[in-house]
Amino acid sequence: MINVALPKGRLGNQVYKILEAAGYECPELLDSSSRKLVFENADRGVRYFCVKPTDVHVYVERGAADVGIVGKDDLLEYAPEVYELLDLKLGKCRMCICGPAGFEEDRSCTLKVATKFPHIARHYYEELGRDIDIIKLHGSIELAPILGLSDVICDLVETGTTLRENNLVVLSEVVPISARFICNPVAWQFRHEEIGHMKHALEERIGKGE
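Residues numbered from 1 in each chain as written. Predicted model: local features only at pLDDT ≥ 70, side-chain atom pairs only at ≥ 80, totals over all residues. Heavy atoms only, no water.

The name an unreviewed UniProt entry assigns to the protein is ATP phosphoribosyltransferase, from the organism Stecheria intestinalis. Under the Sequence similarities (unreviewed entry) heading, UniProt states for the protein: "Belongs to the ATP phosphoribosyltransferase family. Short subfamily." The Subunit (unreviewed entry) field of the UniProt record for the protein holds the comment "Heteromultimer composed of HisG and HisZ subunits." (UniProt positions renumbered as here; feature names shortened; annotations may be inferred.)

Here it is in structure tokens:
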């Protein structure tokens, strides 16, 4: 069995469809009434379990899962010891610095940055040689500059609708983000053939626009 950590939610559903098309189906996983946490298809040699997206890399790094699907943002933020095998080109968005429309930065002052991604934000501004004050938040990041808690935010932007509705704009792009197929290093060493086959099957699906 290849143990696969799937992220819960829309991204996990999209990824499962590709895995299913690639020959790694597991009909039991689609039973919305089930209370099970682990789903397997012995014939296909695959076992799935769905976890919070930010936990996927932990399961893979610790070896509870052989492979998993995780956003590039989590890989950059937490730097887990995993192999990044493939860009699935799903869940595309951007990590951006955003602020009020018309914002003008005062470089004589420390910049206050609200974010769920302190490591990414700190690294970005270190590259610019800019002193910042990181304000770690867990939700409603857009509220921080509106109420004066921060000058700007560092956050994921997909459509930009929330920004526009709150009179915020993208000031700069930090890095493009998408879902990545990752692997535990030990699993790659000892199960290279099986995992390599899954990787190749996914590559073919991506190439066909699945």
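Q: I'd like a rundown of a nonpolar patch on the surface, residues and numbers included.
A: A cluster of nonpolar side chains, L143, I146 and L147, forms an exposed patch at the surface whose accessible area comes to about 290 Å². For I146, a relative accessible area of 39% gives the class partly exposed. (Patch = residues over 30% accessible without salt bridge, like charges linked within 9 Å, V, L, I, M, F, W, Y side chains within 5 Å. Areas by Shrake-Rupley, 256 points an atom, 1.4 Å probe, with all protein chains shown as cover. Salt bridge = Lys/Arg side-chain N within 4 Å of Asp/Glu carboxyl O. Buried < 20%, exposed > 50% of the residue type's maximum accessible area, 1.4 Å probe, protein only.)

Q: I'd love a proper account of the sheet that holds strand β5 (residues 83–87), names of residues and values included.
A: Pairing is mixed in the open sheet, where 6 strands are placed in the order β2-β3-β1-β4-β11-β5. Of all the strands in the sheet, the pair left with one neighbour each is β2 (38–41) and β5. Going from strand to strand, the sheet's axes swing by 30 degrees on average, the running direction of each strand aside. The sheet contact formed by strand β4 (residues 67–71) and strand β11 (residues 179–183) spans 5 bridges and is antiparallel. Residue pairing in the sheet places V67 in a bridge with C183 of β11. (Pairing = 2+ DSSP bridges. Helix = DSSP H or I, 4+ residues; strand = E, 2+ residues; numbered from the N terminus. Axes fitted to C-alpha atoms, helices over the stretch in contact; angles between N-to-C directions.)

Q: Outline the environment of N166, listing residues and values.
A: With respect to the helices and strands, N166 occurs in the loop between α6 (161–165) and β10 (168–177). A sequence separation of 20 residues divides N166 from I146, and the C-alpha atoms of the two residues are 7.9 Å apart.

Q: An account of the nonpolar core is requested, with residue identities and associated values reported.
A: Counting residues in hydrophobic clusters, the biggest one holds 30 residues, and the most contacted among them are Y48, L88 and M198. Residue assignment for this core shows that the elements contributing at least two residues are β1 (2–7), α1 (10–21), β3 (46–51), β4, β5, β11, α7 (185–190) and α8 (192–207). In terms of residues, this core owes the most to one element, α8, which gives 5 residues. The contact partners of Y48, leaving out residues within four places of it in the chain, are V4, L6, Y16, L19, Y24, C26, L29, L37, V38 and F39. Residues C93, F117, I134 and I177 belong to the second largest nonpolar core, which totals 15 residues. (Core = buried A, V, L, I, M, F, W, Y, C linked by side-chain atoms within 4.5 Å. Contact = heavy atoms within 4.5 Å.)

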